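Chains, contacts and geometry: an overview
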Amino acid sequence: MSKVANLKLADAGKLRIEWAESRMPVLMALRERAKKTQPLRGMRVAGCLHVTKETAVLVRTLRAAGAEVSWSGCNPLSTQDDVAAALAAEDTSIFAWHGMSKDDFYWCIEETLKFSPTLTLDDGADLIFTVHAKHQELAKGVLGGTEETTTGVHRLRAMAHDGKLLYPVIAVNDSETKWDFDNVYGTGQSSIDGILRATSVLLAGKTFVVAGYGHCGRGVASRARGLGANVVVTEISPTQALKATLEGFRVMKMDEAARIGDIFITATGMKDVIVERHFAVMKDGAVICNTGHYDCELNLVELEAMSKGKREVRANNEEYTLKNGHRIYVLAQGRLVNLAAAEGHPSEVMDMSFANQFQGLCKLAKEGKSMKPGVYELPKEQDVEIARLKLETSGIAIDALTPEQVKYATDYSAGT
Ligand SMILES: NC(=O)c1ccc[n+]([C@@H]2O[C@H](COP(=O)([O-])OP(=O)(O)OC[C@H]3O[C@@H](n4cnc5c(N)ncnc54)[C@H](O)[C@@H]3O)[C@@H](O)[C@H]2O)c1
């Protein structure tokens, strides 16, 4: 069973998936191994994660490892329709199309739950939250789940804290080979890609405001600087603000940044980062967008109320004309600009994220029954193994400690 936009796009989608496969050697190596060992045999995996070419590589890997899969997208604007069609054409149960309504979004999740999953895979925790809020009877049959992103992990930790989480969940986001690479370099490059596709503006010389200097913000700020923008950072954390300052970025409050910025991007996971009082002082022509998980970082309800008109001027680019005559350009309706206006992260970086996802599900298939409900991190050794494989497949060799160095590392008597 599936529902996608247009099955005729399957051939184009298949080509895109093959391109991603050629750039994801770690996940492909895990797939080859799993074809023989079948670690997910008998598992039913319900997934809710952006339907991109890289996700398709993960889905194919889960199936090759013996799992039955049912999938939905985790954002109404991020599904690549040709990829969804290709997956449907190879008999994957998939419910996803670009531009769906909020009702459709939850309908798709409901459809993926109909085969009573034994494992869940989330990006943002909407699937797992649906299980907990509406289908608690299914939770008994679930061995565990995985969560892909920072915001989803926050939601799950809050559920666990309140004693509401019914099964174990692995915070894939928190693995070093995910958080320090996907969020930083993936979001850094793909968010700039989204901004350029939606605007085609010159970044050199522009004042580029990044709200949030965490993993994603750090990546975006460094890539914008690389293209010649004057980057300004806003933060609420003293330590993150200090890191940005010592990295050479100007740090200030959003109230001040709003007056001088040409392009704004939010990367905080927090609501109402840019609101009415900020829109009111922005320059004519300011561009605003978001790369945090949910579309609540820019308060577009307030922007709409301040505007006398709105029109689409390019794909993923809407011009709001304020009552004061200024025009503000909103990209991708305030949803993740890198996935809605571009293609999401490059395959090379998703290789590591999805290797973590795959290993997480295999661990839960094996050990989930004996794990208590709660949020878990993947073992450090797995990070090392994924990083090692990534280096190897990239043709990069590194040194190893000599026996004398190993001894030295634990020798507290050696000093000056
Ligand atoms: N676009 C993508 O493809 C993508 C990829 C990974 C993560 N994400 C999402 O991006 C968001 C950020 O993730 P992260 O891993 O960088 O998280 P993080 O915790 O590393 O960083 C978030 C930063 O935002 C700051 N912050 C919070 N509220 C703020 C505010 N009001 N003003 C300014 N700064 C504020 C925090 O202090 C923190 O430094 C999350 O929603 C995450 O799910 C998106």
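Let me sum up the structure you'll find in this document. (Residues numbered from 1 in each chain as written. Predicted model: local features only at pLDDT ≥ 70, side-chain atom pairs only at ≥ 80, totals over all residues. Heavy atoms only, no water.)

Bringing the overall build of the protein chain into the picture now. Along the protein chain, the regular secondary structure elements total 19 helices and 15 strands. Relative to its length of 416 residues, the protein chain is compact, with a C-alpha radius of gyration of 22 Å against a globular reference of 22 Å. Along the three orthogonal principal directions, the C-alpha set of the protein chain runs to about 70 × 65 × 45 Å. Classification of the 416 residues of the protein chain by burial places 56% in the buried group. When contacts within the protein chain are restricted to residue pairs at least 6 apart in sequence, those whose partners lie at least 24 apart make up 71%. Just so you have it, the protein chain exposes about 18,700 Å², and 54% of that area is on carbon and sulfur atoms. Put simply, the protein chain has 49 plus and 53 minus side-chain charges, and the middle of one group is 1 Å from the middle of the other. (Helix = DSSP H or I, 4+ residues; strand = E, 2+ residues; numbered from the N terminus. Rg over C-alpha atoms; globule rule 2.2 N^0.38 Å. Buried < 20%, exposed > 50% of the residue type's maximum accessible area, 1.4 Å probe, protein only. Contact = heavy atoms within 4.5 Å. Areas by Shrake-Rupley, 256 points an atom, 1.4 Å probe, with all protein chains shown as cover. Lys, Arg positive; Asp, Glu negative; His and termini not counted. Charge placed at Lys NZ, Arg CZ, Asp CG, Glu CD.)

Once that is clear, we can look at the site of the ligand. With respect to spatial proximity, 28 residues lie near the ligand, and among them Thr 149, Thr 150, Thr 151, His 215 and Glu 235 are the closest. The side chain of Glu 235 places a nitrogen or oxygen atom 2.6 Å from an oxygen atom of the ligand. Between a nitrogen atom of the ligand and a main-chain N or O atom of Thr 291, the distance comes to 2.8 Å. Look at the ligand: alone it shows 870 Å² of surface, and the protein chains cover 87% of it. Spatially, the ligand is embedded in the largest pocket. Those elements giving two or more residues to the shell around the ligand turn out to be helix 8 (150-161), helix 10 (182-199), helix 11 (215-226) and helix 16 (337-340). Classifying every residue of the shell around the ligand by side-chain character gives 9 nonpolar, 18 polar and 1 charged. (Near = heavy atom within 4 Å. Polar contact = N/O pair within 3.5 Å; in protein donor to acceptor, adjacent residues only side chain to side chain. 1 Å grid on protein atoms, 1.4 Å probe; cavity = no way out; pocket = protein on both sides within 12 Å on 5 of 7 lines; lining within 4 Å. Sits in = over half its atoms within 2 Å of the grid points. Nonpolar A, V, L, I, M, F, W, Y, C, P; charged D, E, K, R; others polar.)

To continue, consider the layout of surface pockets. Empty space left among the atoms is revealed by rolling a probe the size of a water molecule over them. One number sums up the size of the largest pocket: a volume of about 1,100 Å³. Lining the largest pocket are 50 residues; nearest its centre among them are Cys 216, Ala 267, Thr 268, Gly 269 and Gly 292. Looking at the lining of the largest pocket residue by residue, the classes come out as 14 nonpolar, 25 polar and 11 charged. (Points joined across faces, edges and corners; volume = space filled by probe spheres on them.)

Another aspect to go through is the side chain of Gln 38. As for its placement among the helices and strands, Gln 38 is situated in the loop between helix 2 (25-37) and strand 1 (44-48). For Gln 38, a relative accessible area of 19% gives the class buried. Each residue touching Gln 38, except ones within four places of it in the same chain, is listed here: Ala 64, Ala 65 and Gly 66.

Bringing the sheet that holds strand 8 (residues 230-234) into the picture now. Read across the sheet, 8 strands follow the order 9-8-7-10-11-14-13-12 without closing on themselves; strand pairing throughout is mixed. Each edge of the sheet is formed by a strand with only one pairing partner; in this case those strands are strand 9 (250-251) and strand 12 (307-314). As paired strands, strand 11 (residues 286-290) and strand 14 (residues 327-331) are joined by 3 bridges and run parallel to one another. Residue Ile 288 lies in a different strand from strand 14, and its bridge partner there is Val 330. In the packing of helix 11 onto the sheet, contacts are made with strand 7 (207-211), strand 8 and strand 10 (263-266), and the angle to strand 7 comes to roughly 170 degrees. (Pairing = 2+ DSSP bridges. Axes fitted to C-alpha atoms, helices over the stretch in contact; angles between N-to-C directions.)

Of all 6 residues making up strand 13 (residues 317-322), 6 are buried, and the element is well covered by its neighbours. Here strand 13 shows no split at all, with Asn 317, Glu 319 and Thr 321 on one side and Glu 318, Tyr 320 and Leu 322 on the other all buried. One ladder, built from 6 bridges, connects strand 12 with strand 13; its direction is antiparallel. The residue of strand 13 that forms the bridge with Arg 314 is Asn 317. Between the antiparallel neighbours strand 12 and strand 13 lie 2 residues, among them Asn 316 with a positive phi of about 60 degrees. Two strands pair when backbone bridges link them, and strand 13 and strand 14 are joined in this way by 5 bridges, in the antiparallel orientation. Across the sheet, the residue bridging to Glu 318 is Val 330, located in strand 14. In textbook terms, the turn of a hairpin is the stretch between consecutive antiparallel strands, and for strand 13 and strand 14 this stretch comprises 4 residues, one of which, Gly 325, has a positive phi near 90 degrees.

Within the chain, Ala 332 stands out as a residue other than glycine whose phi angle is a positive 55 degrees. Relative to the helices and strands, Ala 332 is located in the loop between strand 14 and helix 16. Even without glycine at this site, Gln 333 takes up a positive phi of about 55 degrees. Mapped onto the elements of the fold, Gln 333 is located in the loop between strand 14 and helix 16.

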